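Notes for the structure review
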Amino acid sequence: MIATRAATVADREAVVAIWEVCGLTRPWNDPRADFLRALDHDASTVILAERGPHILGTAMTGFDGHRGWIYYLGVAPDQRGQGIAARLLDASCDWLRLRGCPKVELMLRDGNPAAGLYAHLGWEQQDVRVFARWLT
């Protein structure tokens, strides 16, 4: 049976290992710091999918008061094809609904092969561009 739950600090290394094996980390982002920031306040969390003691996938979820966001959605390669990503997305949406969030978006890097998965699950590509500025 696959269950979902919110991550705890003790899950950090297992979560980062999933992110790394899924190719979600980037040299300019410290995944351990990202994980701890997500757990550091009530506006975000990391949702886990697990079977027994084994973490199978993750979805970092946050609400900025206007939109919900999902980042670091990843499922261990040997666990794909079992509906785990859909369960993580549903659990993230449930978490956001409980906080009054009207709409959720997720970011996907160009070239990520998961684009077809999101379309298959009913997510719509939006016509927006994302701009960024480092604050540190």
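Up top is the structure these notes are about.
Definitions and cut-offs
- Residues numbered from 1 in each chain as written.
- Predicted model: local features only at pLDDT ≥ 70, side-chain atom pairs only at ≥ 80, totals over all residues.
- Heavy atoms only, no water.
- Pairing = 2+ DSSP bridges.
- Helix = DSSP H or I, 4+ residues; strand = E, 2+ residues; numbered from the N terminus.
- Axes fitted to C-alpha atoms, helices over the stretch in contact; angles between N-to-C directions.
- Contact = heavy atoms within 4.5 Å.

Some points on the sheet that holds strand E5 (residues 104-106)
Strand order in this open sheet of five strands is E1-E2-E3-E4-E5, and the pairing throughout is mixed. Single-partner strands in this sheet number two, and they are strand E1 (3-6) and E5. Mean inter-strand twist for the sheet, computed between neighbouring axes without regard to direction, equals 25°. Across six bridges, the pairing between strand E3 (residues 54-63) and strand E4 (residues 68-75) is antiparallel. Considered in E4, the bridge of Thr 61 is made with Ile 70. Across the sheet, helix H1 (residues 12-21) is in contact with strand E2 (44-51), E3 and E4; its angle to E3 comes to roughly 90°. Sheet strands touched by helix H2 (residues 31-39): E2, E3 and E4. Its angle to E2, the strand with the most contacts, is close to 105°.

Thoughts on unusual backbone geometry
The general pattern is negative phi for most residues beyond glycine and trans for most peptide bonds. The phi angle at Tyr 72 is positive, at roughly 50°, despite the residue not being glycine. Structurally, Tyr 72 is set in strand E4.

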